[in-house]
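Below are the chains, spelled out letter by letter.
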Amino acid sequence: MTRARDLANLGSQAGSGLDASDITTGTFPDTVTLKSSPLSHRNLWINGAMMVSQRYGTSAGTGTHPYFGLDRYKVHYSGGPVISSQQVTDVPASPLDSFVNSMKMTITTNDATSGTDQCYVKYPMEGIDTAQLRFGSTGAKTTTLSFYVKSSVAGIYSISYKNEAGNRSYTKKYTITSADTWERIELTIPGDTTGTWLKGTPDIGLAITFNLGSGSSREQAEGSWGTGNVDGASGSTGSDTWVNTSGATFFITGIQLEEGSSATPFESRSYADELIRCQRYTVKFGGVTAYDYLGVGGYNTAGMKTHVTLPQMMRAVPIVESTGTVGHWTASSDYAGYTITAISKAGSVHDYNHITLDMAFSGGSNGAQYHAWGNNNASAKIIIAAEL
């Protein structure tokens, strides 16, 4: 966020007499009223500008339901439809905000959903990050969710807020007025004063979903807190059409969640800042066309164990989520090189900052020390995850 925008936000309340034009002309009032919301760190959303895509890069991903596409976004589909997700460079031309990337959702298999069928994108947040919203108490705070969206199918879409147990939820509709046109959406949601909302824990404190055509049993009337585990609002006719349209597309970027009843301009963060935040949940090793060194270790003739230090403290003790093409990893020693045939999490020697990997191969030597490295191939990729 720029210093000019910080100063302009200082005076955005009525009566302060300071706006963005004053910054450029050097005109300042005698007094400035501070906003009650923070000038920075006000966006509770990670990777809202869609800059980080560790698993798939810029390729389209279509994993098994449910799967993570771009970092922090979990794609759900069941009952017939299949949707891919992809990091792309199609972005809105906004006078306030500048973006490089958006997330593109595409219907690769269309189907009319019904009942409990699912088609939505979920963003889960930790209770330690949402405790400040005070959901589940009389002091529950109002929040505003804003984003830029474009769809090949115009019409009514919706979002939902829900707790981890899936027994408290709020839905809200929004309208995409023109097909294939970027639009900015602002939705204000009152805090829930009842229910059980996890606070101060690394488990789900709040999940927000973008409904892309879930069945009617996973929707509820908009505008009030209910007890269903739902993905959006009843009457989301645009998303119902979208999910049953072959090749339909849905783009989104600039997602911001903040306290208060009004939206502010998107809080930009550097790629480095966003990557650090994302690495609490996902860490990628390899995945580049280079000889990518992973670690050193020894074991026996059947493989090696290597202890890997992670770049960030992860949300929980991590797992090996996926390994790409394991044959593009190689173990080498003073004696020879060996093609790795399997990669898995080894035993229980792990914590939030480290993981031990078993890397299997044949023909090794007892007592030898091995170096593990990606053999100059982007398919040599290991995803370590501690997702919600």
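Below is a summary of the structure that appears in this document.

About the criteria used
- Residues numbered from 1 in each chain as written.
- Predicted model: local features only at pLDDT ≥ 70, side-chain atom pairs only at ≥ 80, totals over all residues.
- Heavy atoms only, no water.
- Salt bridge = Lys/Arg side-chain N within 4 Å of Asp/Glu carboxyl O.
- Helix = DSSP H or I, 4+ residues; strand = E, 2+ residues; numbered from the N terminus.
- Buried < 20%, exposed > 50% of the residue type's maximum accessible area, 1.4 Å probe, protein only.
- Core = buried A, V, L, I, M, F, W, Y, C linked by side-chain atoms within 4.5 Å.
- Contact = heavy atoms within 4.5 Å.
- Polar contact = N/O pair within 3.5 Å; in protein donor to acceptor, adjacent residues only side chain to side chain.
- Phe/Tyr/Trp six-rings, centres within 6.5 Å; stacked < 30°, edge-to-face > 60°.
- Lys NZ or Arg CZ within 6 Å of the ring centre and 35° of its normal.
- Patch = residues over 30% accessible without salt bridge, like charges linked within 9 Å, V, L, I, M, F, W, Y side chains within 5 Å.
- Areas by Shrake-Rupley, 256 points an atom, 1.4 Å probe, with all protein chains shown as cover.
- Pairing = 2+ DSSP bridges.
- Axes fitted to C-alpha atoms, helices over the stretch in contact; angles between N-to-C directions.

As enumerated under the stated definition, the model contains 14 salt bridges in all. The shortest N-O distance in the salt bridge between Glu321 and Arg55 comes to 2.8 Å. Residue Glu321 is located in strand β17 (residues 319–324), and its partner Arg55 is located in the loop between α2 (20–25) and β1 (67–68); the two are separated by 266 residues in the primary sequence. Overall, the relative accessible area of 5% leaves Arg55 in the buried class. When the shortest N-O distance is used, the salt bridge between Glu274 and Arg269 registers 3.5 Å. Here the two residues Glu274 and Arg269 agree in accessibility, since each one is buried. Three or more residues are tied together by salt bridges with common partners; here these are Arg55, Arg72, Glu321 and Glu387.

A word on the nonpolar core. Core analysis: the biggest nonpolar cluster contains 53 residues, and Leu145, Phe147, Tyr161, Tyr174, Trp242 and Phe250 have the highest contact counts within it. Looking at this core, the element that brings in the most residues is strand β10 (residues 204–211), giving five residues. Judged by nonpolar contacts, the second largest core, of 26 residues, contains Met304, Leu310, Ala368 and Ala380.

Here we come to the side chain of Ser332. Positionally, Ser332 belongs in strand β18 (residues 329–332). Filtering out sequence-adjacent residues up to four positions away, Ser332 remains in contact with Gly337, Gln369, Tyr370, His371 and Trp373.

Moving on: the side chain of Glu126. Structurally, Glu126 can be placed in strand β5 (residues 118–126). Overall, Glu126 belongs to the buried group, its relative accessible area being 0%. What Glu126 contacts, discounting residues up to four positions off in sequence, is Thr201, Pro202, Asp203, Gly205, Arg280, Tyr281, Arg315 and Leu388.

Right, let's get into the environment of Thr188. Here Thr188 is to be found in strand β9 (residues 183–189). Polar side-chain contacts of Thr188 include one of 3.2 Å to the side chain of Thr144. Reaching out from Thr188, the side chain makes a polar contact with the backbone oxygen of Ser261 at a distance of 3.3 Å.

Looking now at the packing of aromatic side chains. Inspection of the entire model under this criterion finds 21 aromatic pairs. Ring centres of Tyr338 and Tyr370 lie 5.9 Å apart, and the angle between their planes is 80°; this geometry places the pair in the edge-to-face category. Here Tyr370 lies in strand β22 (residues 369–375) and Tyr338 lies in strand β19 (residues 337–339), a separation of 32 residues in the sequence. Residue Tyr338 is classed as buried on the basis of its relative accessible area of 11%. The class of Tyr370 is buried, set by a relative accessible area of 0%. Sitting over the face of the ring of Phe251, Lys150 holds its NZ or CZ atom 4.8 Å from the ring centroid.

Trans is the prevailing form of peptide bonds, just as negative phi is the prevailing case for residues other than glycine. Here His65 and Pro66 are connected by a cis peptide whose omega angle stands at -15°. Among the structural elements, Pro66 can be located in the loop between α2 and β1. Within the chain, Met50 stands out as a residue other than glycine whose phi angle is a positive 60°. As for its placement among the helices and strands, Met50 is situated in the loop between α2 and β1. Its relative accessible area of 0% is what places Met50 among the buried residues.

A cluster of nonpolar residues, Met313, Val317 and Tyr352, forms a patch on the protein surface that exposes about 260 Å² of accessible area. Relative to the helices and strands, Val317 is located in the loop between β16 (303–309) and β17.

We now examine the pairing of strand β21 (residues 354–360). Within a regular strand, the side chains alternate between the two sheet faces. Where β16 meets β21, seven bridges bridge the pair, whose relative direction is antiparallel. Across the sheet, the residue bridging to Met304 is Met359, located in β21. Pairing analysis gives four bridges linking strand β20 (residues 342–345) to β21, with the strands arranged antiparallel. The residue of β21 that forms the bridge with Ala342 is Ala360.

With that settled, consider the sheet that holds strand β6 (residues 143–151). The five strands are arranged β3-β4-β13-β6-β9 in an open sheet whose pairing can be described as antiparallel. Of all strands in the sheet, those with a lone pairing partner are β3 (82–88) and β9, marking the two edges. This sheet shows a mean twist of 30° between the axes of neighbouring strands, independent of strand direction. In terms of strand pairing, β6 meets β9 through seven bridges, oriented antiparallel. Its bridge partner being in β9, Leu145 is matched across the sheet by Leu187.

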